[in-house]
Amino acid sequence: MKPLKNIKVIEFCHVAAGPFSSMSLADMGADVIKVEPESGDSMRAWPPLSEGFSENFASLNRNKRSITLNLKSEFGLEAARRLIAGADVVVENNRPGVMKRLGLSYEAVKELNPKLVYCSVSAFGQTGPRANDGGFDVTVQAASGIMSVTGEQGGAPVKAGVPVSDFCAGLYAAYTITCLLKQVAEGGEGGFIDMSMLGASLGVSALQTSEYFGTGIDPKKLGSAHPRNAPYQAFKAKDDYFVLAAGNDKLWSSVCDVVNLKELVKQPRFLTTTDRAKNQSELKEILEACFAMDVAEVWVERLRAVGVPCEPINTYSKALEDPQVEHSGWVSDLTLASGAKTKTFGYPALINGKNLPIYRTAPGLGEHNDEILSEIGLKAGQGEG
């Protein structure tokens, strides 16, 4: 259950994209050593705090060890070099140029370890006209086009409700690192991965970029609707909204049966998926007049009974109560480094029907200083500790 158990990862990261990437490797069993300044990763201060320990920090840093190093001191740099020399992977998400100034860039350390896989995660990449521009998830969602297709038509700009630019970059980074580790395992050398949030955000926008390439027209905001499918969006019932996705003719026919409007199936304006997508404003008006006659829960039950995919719009508390979540065992009890008891959502993929265990809680700041320094032949008393 730990396919990366012999892999050592040194993380020089903060906040989200980099830590999420290395946590994905740690979940697979890699020994991830998180190198932090004495002030710690700034996410340690993010609420909610349980007995002084950040739940947000814990959600991105489980299964890691923490060491504090002053990378501007001789001792700190020596410790960092020794850690890198004995590692398989380095992940960092500082501004481009920071690791070079410290003498810890890929070019500076690859001679120490030719098989090293070194991944730099940044907003716009390590080279090019925008390499030095800073970026956070919201600014990259704006720059990448994601915000241009998010929200209701004619409405103010809104970002995706989860940090998709951060986490997609982290996932692409972890995937690419694992691919290069296979190359190393087969006798090849390591390499340098330049992972940008902008690239990741455009990478997961394949349907939107291909629409633009194919038509020369920018995709538009459609709220919850779909440019090529209908009915395929949120609909208002008597009390609340729910989402219905009838993405083919058979499902559309089932919807018509449920709402008792079988005549719609043969109407030219709703005959094919393309026709329904073209006329989806009219279609929405007709369906919502029917849905207004009963509550969302009833419509969800009726539509599910005939095999039409539909869901209530859950809050996170409701989503976590879904029986499928319990069945899959994704939520685990967790004791934070502060001693507080909480829960966490673990690794979402099952391997051979089993969950990956959480074998180490998110570390306290510098919790493993002595342990890690002893592994590389140093003592805390020699430097800042």
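Before reading further, recall that the structure is shown in the block above.
A brief structural summary. Here the structure is a predicted model, which is why all the values come from computation and not from measurement.

## So, the environment of Ile177
With respect to the helices and strands, Ile177 occurs in helix H7 (residues 164-185). Remark: the alpha-carbon pair of Ile177 and Arg269, spanning 92 residues in sequence, is separated by 50 Å.

## As for helix H3 (residues 74-85)
Helix length check: H3 (twelve residues) gives 16 Å between terminal C-alpha atoms against 16 Å at 1.5 Å per residue, within 8%. Looking only at H3, the buried set comprises Phe75, Gly76, Leu77, Ala79, Ala80, Leu83 and Ile84. If you follow the buried residues of H3, they end up packed against strand E1 (8-12), strand E2 (31-36), strand E6 (89-92), helix H4 (98-102), helix H5 (106-109) and helix H16 (369-375).

## Digging into unusual backbone geometry
Following Pro47, the chain continues into Pro48 via a peptide bond in cis, with omega recorded as 5 degrees. One non-glycine residue with positive phi stands out, namely Val15, at about 60 degrees. As for its position among the elements, Val15 is in the loop between E1 and helix H1 (17-27).

## Observations regarding the sheet that holds E6
One open sheet accounts for six strands, arranged E5-E2-E1-E6-E7-E8; its pairing is parallel. Of all the strands in the sheet, the pair left with one neighbour each is strand E5 (64-68) and strand E8 (191-196). Geometrically, the sheet is characterised by an average inter-axis angle of 20 degrees between neighbouring strands, direction not taken into account. Examined bridge by bridge, strand E7 (residues 117-122) and E8 share six bridges and lie parallel to one another. Of the residues in E8, the one forming a bridge with Tyr118 is Phe192. Lying on the sheet, H3 is in contact with E1, E2 and E6; it crosses E1 at an angle near 145 degrees.

## As for the packing of H1 against H7
At a closest axis distance of 8 Å, the pairing of H1 and H7 adopts a crossing angle of 40 degrees. Comparing the axis directions of H1 and H7 gives the class oblique. The element H1 and its partner H7 pack so that their crossing is right-handed. For the pair H1 and H7, the contacting residues are Ala17, Phe20, Ser21, Ser24 and Leu25 in the first and Asp166, Phe167, Gly170, Leu171, Ala173, Ala174, Ile177 and Thr178 in the second.

## Description of the packing of aromatic side chains
In total, this model carries eleven aromatic pairs according to the counting rule given. Judged by centre distance (5.8 Å) and plane angle (40 degrees), the rings of Tyr118 and Phe192 are tilted. Separated by 74 residues along the polypeptide, Tyr118 in strand E7 and Phe192 in strand E8 bring together distant segments of the chain. Judged by relative accessible area, which is 1%, Tyr118 ranks as buried.

## What about the pairing of strand E13 (residues 341-345)?
Looking along a regular strand, one sees side chains alternate from face to face of the sheet. Residues Thr342 and Thr344 point to one face of E13 and are all buried, whereas Lys341, Lys343 and Phe345, pointing to the other face, are not buried. Summarising the sheet, strand E12 (residues 331-335) and E13 pair through five bridges and their orientation is antiparallel. Bridging from a neighbouring strand, Ser332 pairs with Thr344 of E13.

## Description of the nonpolar core
Counting 31 residues, the largest nonpolar core has Val9, Val89, Val117 and Ile177 as its most contacted members. Those elements that place two or more of their residues in this core are H1, E6, E7, H7, E8 and helix H8 (197-203). Every residue in contact with Val9, bar those within four places of it in the chain, is listed here: Ser22, Leu25, Ala30, Asp31, Val32, Ile33, Val89 and Val91. Within the second largest apolar cluster, 26 residues are counted, among which are Val35, Ala87, Tyr106 and Tyr118.

## Quick notes on the pattern of salt bridges
Side-chain pairs of opposite charge can arise where the charged atoms are in close proximity. Enumeration over the complete set of coordinates arrives at 19 salt bridges. Across the pair Arg228 and Glu211 runs a salt bridge, and its minimum N-O distance is 3.4 Å. With Arg228 in the loop between helix H9 (206-215) and strand E9 (232-236) and Glu211 in helix H9, the pair connects residues that are 17 residues apart, well separated along the chain. Given a relative accessible area of 40%, Arg228 falls into the partly exposed group. Residue classification places Glu211 among the partly exposed positions, given a relative accessible area of 22%. By sharing partners, the salt bridges in this structure join Lys8, Asp31, Arg65, Glu371 and Glu375 into a single network.

Calculation rules
- Residues numbered from 1 in each chain as written.
- Predicted model: local features only at pLDDT ≥ 70, side-chain atom pairs only at ≥ 80, totals over all residues.
- Heavy atoms only, no water.
- Helix = DSSP H or I, 4+ residues; strand = E, 2+ residues; numbered from the N terminus.
- Expected span 1.5 Å × (residues − 1).
- Buried < 20%, exposed > 50% of the residue type's maximum accessible area, 1.4 Å probe, protein only.
- Contact = heavy atoms within 4.5 Å.
- Pairing = 2+ DSSP bridges.
- Axes fitted to C-alpha atoms, helices over the stretch in contact; angles between N-to-C directions.
- Parallel < 35°, antiparallel > 145°, perpendicular 65-115°, else oblique.
- Left-handed = near helix turned anticlockwise from the far one by under 90°.
- Phe/Tyr/Trp six-rings, centres within 6.5 Å; stacked < 30°, edge-to-face > 60°.
- Core = buried A, V, L, I, M, F, W, Y, C linked by side-chain atoms within 4.5 Å.
- Salt bridge = Lys/Arg side-chain N within 4 Å of Asp/Glu carboxyl O.

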